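# Structural overview
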Amino acid sequence: MRRLGVPAAVLAAVLLLAGCGGSGANDGGMPTPAGGSDGSTGRTGTPTPGASVSKPTAAPTKTAAPPKTQVIVDPGKFADNPAVQGLKRMYPTYFRALVARDDKIVRNSFPGFFYADTAIGINEARRNGWVMRPPGSIVVVGTEQQPYGVVRLKTCRSQTTQYWNPKTRRWVKVTPKGSPEVYDMVETGLGWMMYRLVTPIPKPFSCASVRYPA
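Attention in this report is confined to the structure presented alongside it. No experiment lies behind these values; they were computed from the predicted model shown.

Attention now moves to the sheet that holds strand β7 (residues 191-197). Across a sheet, paired strands are connected by hydrogen bonds in the backbone, their directions being either parallel or antiparallel. Spatial ordering of the open sheet is given by β1-β2-β3-β6-β7, a layout of 5 strands whose pairing is mixed. This sheet does not close on itself; its edge strands, each paired only once, are β1 (71-74) and β7. Strand after strand, the sheet turns through a mean of 35° between neighbouring axes, direction not considered. Relative to strand β2 (residues 136-145), β1 runs parallel, the two sharing 4 bridges. In the sheet register, V73 faces β2, and the bridge partner there is I138. Helix-sheet contacts for helix α2 (residues 82-100) involve β1, β2, β3 (151-157), β6 (179-188) and β7, and the interaxial angle to β7 is about 60°.

This is the structure in structure tokens:
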């Protein structure tokens, strides 16, 4: 009887371990992989042959609209004149200052004399509630050579500042047919620039017959 005691105890221990080892699919080994009972069946994430695979669709891109032109500079018959080319390059910056009623734009972009000539008018427009409503245009109607390399440009601007009439509830143009303006241009290291706004105009001229592009 003592000889059979040891094998019986061993057999009981083996049966106890077999009962705690899990089902036959796992056999008490490593945990079953997610999605299947083993490495050969129940795989996930792999498309079957012939099945259609949906491709992610890219969101449609929106093309930004080009900025609207605030002012058009018409060189008239003087497109080849370097001073007129300088006006065409720099006048949009000045017009932007008129629309924004911000004299700092002029101060940071033009010679000091031009800032002194125009800052008062810009500040006065802001105080009085006058506005410059784009689009606008300016047409070169003549050029004159001045001493010290200065080129004087005679221009007609399609509009000046406007004011709000509370009776008619409409904006009123001070000069509906445009107004004459004269600019002295000088050549600098940055190209031709507006140097002075000539006021009063030495030889007044009319803009009544000028056709404006805007």
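Once you've had a look at it, read on.
Looking now at the environment of V210. Looking at the element boundaries, V210 is found in the segment after β7. Judged by relative accessible area, V210 falls into the buried class, the value being 18%. For the pair V210 and R157, spaced 53 residues apart in sequence, the C-alpha to C-alpha distance is 9.4 Å. Among all residues touching V210, those that are not within four sequence positions of it are V139, V141 and C156.

Let us look at the nonpolar core. Counting residues in each nonpolar core, the largest one holds 28 residues, and the members touching the most others are L87, Y91, Y94, Y183 and M194. Those elements giving two or more residues to this core turn out to be β1, α2, α3 (103-109), α4 (112-128), β2, β3, β6 and β7. With 9 residues, the top contributor of residues to this core is α2. Once residues within four sequence positions are removed from consideration, L87 is found in contact with V73, P92, V140, L153, T155, Y183, M185 and M194.

Rules used in this analysis
Residues numbered from 1 in each chain as written. Predicted model: local features only at pLDDT ≥ 70, side-chain atom pairs only at ≥ 80, totals over all residues. Heavy atoms only, no water. Pairing = 2+ DSSP bridges. Helix = DSSP H or I, 4+ residues; strand = E, 2+ residues; numbered from the N terminus. Axes fitted to C-alpha atoms, helices over the stretch in contact; angles between N-to-C directions. Contact = heavy atoms within 4.5 Å. Buried < 20%, exposed > 50% of the residue type's maximum accessible area, 1.4 Å probe, protein only. Core = buried A, V, L, I, M, F, W, Y, C linked by side-chain atoms within 4.5 Å.

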